[in-house]
Amino acid sequence: QVQLVESGGGLVQAGGSLLLSCAASGSFFRIDAMGWYRRAPGKQRDLVATITSSDSTNYADSVKGRFTISRDNAKNTVYLQLNSLKPEDTAVYYCSAVVATLPYVLNTYWGQGTQVTVSS
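First, a word on scope: everything that follows refers to the structure included in this document.

The rules we used
Residues numbered from 1 in each chain as written. Predicted model: local features only at pLDDT ≥ 70, side-chain atom pairs only at ≥ 80, totals over all residues. Heavy atoms only, no water. Disulfide = S-S within 2.5 Å. Helix = DSSP H or I, 4+ residues; strand = E, 2+ residues; numbered from the N terminus. Buried < 20%, exposed > 50% of the residue type's maximum accessible area, 1.4 Å probe, protein only.

This part takes up the state of the cysteines. Counted by the stated rule, this structure contains one disulfide. There is a disulfide in this structure between cysteine 22 and cysteine 95, and the S-S distance comes to 2.1 Å. Judged by the sign of its S-S torsion, about -80°, the bond between cysteine 22 and cysteine 95 is left-handed. In this pair, cysteine 22 sits in strand E3 (residues 18-26) while cysteine 95 sits in strand E9 (residues 91-102), placing the two residues 73 residues apart along the sequence. For the pair shown, cysteine 22 and cysteine 95 are each scored as buried.

Next comes the structure, spelled out in structure tokens:
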């Protein structure tokens, strides 16, 4: 099994920055793609950013140019740098990872979420 633990959320003023981290632990062969999603109150969970094993990235239009996703494979960790934060960025942010628990058996795992609140 695999556990994903997010950290780094908090309260920040509009225009400020935060760095979110997500560390994977447990028993697995390798981690493929990783990503960040968010869910605001009363809304669905939406894509924020993804990063492949070859470091190809993809961003939601609403965060493009403001957020940056990266990963440290040696630490089994994915990061999300949030800059120029807006009140509409307020949400619970979830880490996701596609993990091979066996060489050719892949499953998607989710973290418990970390709260990001942006005040105006």
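Let us keep going from here.
The next point concerns unusual backbone geometry. Phi is mostly negative for residues that are not glycine, and the peptide bonds are mostly trans. Phi is positive for aspartate 55, close to 70°, though the residue is something other than glycine. Within the secondary structure, aspartate 55 is located in the loop between strand E5 (45-51) and strand E6 (57-59). Residue classification places aspartate 55 among the partly exposed positions, given a relative accessible area of 47%. Even without being glycine, serine 84 reaches a positive phi, approximately 50°. Within the secondary structure layout, serine 84 lies in the loop between strand E8 (77-82) and E9.

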